[in-house]
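Overview (structure and organization)
Take a look at the letters that make up each chain.
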Amino acid sequence: MNVYEIRGAFGLDNLVRAERPDPVPGPFQVRVRVKATSLNSRDLMMVEGRYNPRQKLPLVPNSDGAGVVDAVGPGVTRVKPGDRVMTLFAQGWQAGEPTKAITATTLGGPLDGALADTMLLHEDGVVPTPAYLTDEEAATLPCAAVTAWSALVTQGALKAGDTVLVQGTGGVSIFALQIARLFGAHVIATSSRDDKLERALKLGAHEGINYVTTPDWEKAARTLTGGVGVDHVVEVGGSGTFEKSLKALRVGGTVSVIGVLSGGAGSVSLVPILMQNLRVQGVFVGHRQSFEALTRAFTLHDVHPVVDRVFPFAEARAAFEHMKQGAHFGKIVIKVS
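Rules used in this analysis
- Residues numbered from 1 in each chain as written.
- Predicted model: local features only at pLDDT ≥ 70, side-chain atom pairs only at ≥ 80, totals over all residues.
- Heavy atoms only, no water.
- Pairing = 2+ DSSP bridges.
- Helix = DSSP H or I, 4+ residues; strand = E, 2+ residues; numbered from the N terminus.
- Axes fitted to C-alpha atoms, helices over the stretch in contact; angles between N-to-C directions.
- Contact = heavy atoms within 4.5 Å.
- Core = buried A, V, L, I, M, F, W, Y, C linked by side-chain atoms within 4.5 Å.
- Buried < 20%, exposed > 50% of the residue type's maximum accessible area, 1.4 Å probe, protein only.
- Parallel < 35°, antiparallel > 145°, perpendicular 65-115°, else oblique.
- Nonpolar A, V, L, I, M, F, W, Y, C, P; charged D, E, K, R; others polar.
- Polar contact = N/O pair within 3.5 Å; in protein donor to acceptor, adjacent residues only side chain to side chain.

Spatially, β10-β9-β8-β11-β12-β13 is the arrangement adopted by the 6 strands of the open sheet, whose pairing is parallel. The strands lining the two open edges of the sheet, one partner per strand, are β10 (207-210) and β13 (279-282). If you compare each strand with its neighbour and ignore which way they point, the axes differ by 20° on average. In this sheet, strand β9 (residues 186-191) lies alongside strand β8 (residues 163-167) in parallel orientation, the contact comprising 5 bridges. Paired with Gln 167 across the bridge in β9 is Thr 190. Helix α5 (residues 171-182) rests against β8, β9 and β11 (230-235) of the sheet, and its axis sits at about 165° to β8.

Turning next to the nonpolar core. When a protein is soluble and globular, its nonpolar side chains tend to lie buried together. With 45 residues, the main nonpolar core has Leu 141, Leu 152, Val 164, Val 234, Phe 291 and Leu 294 as its most contacted residues. At the level of elements, α4 (141-154), β8, α5, β9, α6 (194-203) and α10 (288-301) are the ones that each hand at least two residues to this core. Among the elements that line this core, the one with the most residues is α4, at 8 residues. With residues near it in sequence (within four places) discarded, Phe 291 still touches Met 86, Thr 87, Leu 88, Val 127, Leu 141, Pro 142 and Val 146. Ranked by size, the runner-up nonpolar core spans 35 residues in total, among them Leu 15, Phe 313, Ala 319 and Ile 334.

Orientation of helix α1 (residues 41-48) relative to helix α11 (residues 316-325), taken along the N-to-C sense of each, is 110°, at an axis distance of 10 Å. The orientation of α1 relative to α11 falls into the category roughly perpendicular. Contacts from Ser 41, Asp 43, Leu 44, Val 47 and Glu 48 in α1 reach Phe 320, Met 323 and Lys 324 in α11. When its residues are assigned to classes, the contact of α1 with α11 shows 4 nonpolar, 1 polar and 3 charged.

As a further point, take the environment of Asp 64. Mapped onto the secondary structure, Asp 64 falls in strand β4 (residues 64-72). Filtering out sequence-adjacent residues up to four positions away, Asp 64 remains in contact with Ala 36, Thr 37, Ser 38, Asn 40, Thr 87, Ala 114, Ala 139, Thr 140, Pro 142, Cys 143, Ala 144 and Lys 331. Only 3.3 Å separates the side chain of Asp 64 from the backbone nitrogen of Cys 143, close enough to count as a polar contact.

On their own, these measurements won't tell you what the molecule is for.
See below:
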């Protein structure tokens, strides 16, 4: 099997191609021939050593993959050879609340991930691919789409008529836009570029705010809601945007903390959270139950992921460089085979 490993030390210079013996499925295991894998900010941070500097190496990165089952071990009943499947981010999280043990079962660190042409997984760690999606589209769902679904639906109790503010136009934010529209919500999108905002509007966003030309975007969001504030903010910026997100919320509103693109450390006044009864929730992707609910909804409404660009397997490092530039709209995908 062909893989990419972070070998020796962290950094893109140490992301190297390697060969490993083909795995043989044991009891309740399935072997998946990977067709495509997509990138998340977490994957780039993992390669660069910013996500977990103590992660043991070598490591095959990437949490998201889609492919075809080609062999199963004894006792497997969920899937059979020939079935198209997607990876479950936290292999041990089927439903309910996460635990410390569950957080140790995530792909792309600490477990080897999907930047490989073959994976060996437990049968509970794969989810059937909707027939209408290509492998490249399916490979975008396991982290970004499930995270957006968990934030807005599983944990966020999204309902028709709510106003949702999404930050930027990366994978989670675009999926949040699509899911919010699916539920009949009003969407405000932010971006540093007007051309990206135009694309977001075509996808269904109702208003767009350029946070470069309008640095007080939280005030603009409140203005767009008649001074009330938004019901839900999908917060991917981190410490650099968190305080503004709180100010954009209505009394009793919710902010889902998902990303730390502008940094994870900072200070913020707790007074607005207390006095305005705000809800701050962290979102650790999601469990299998949420993933399956997402695929049912997407299939029913024929929702297609937005793929920014597809790179060949031989150009995996270029895909990471593309993500690092931050110019993408939607998801970056690597075609494996």
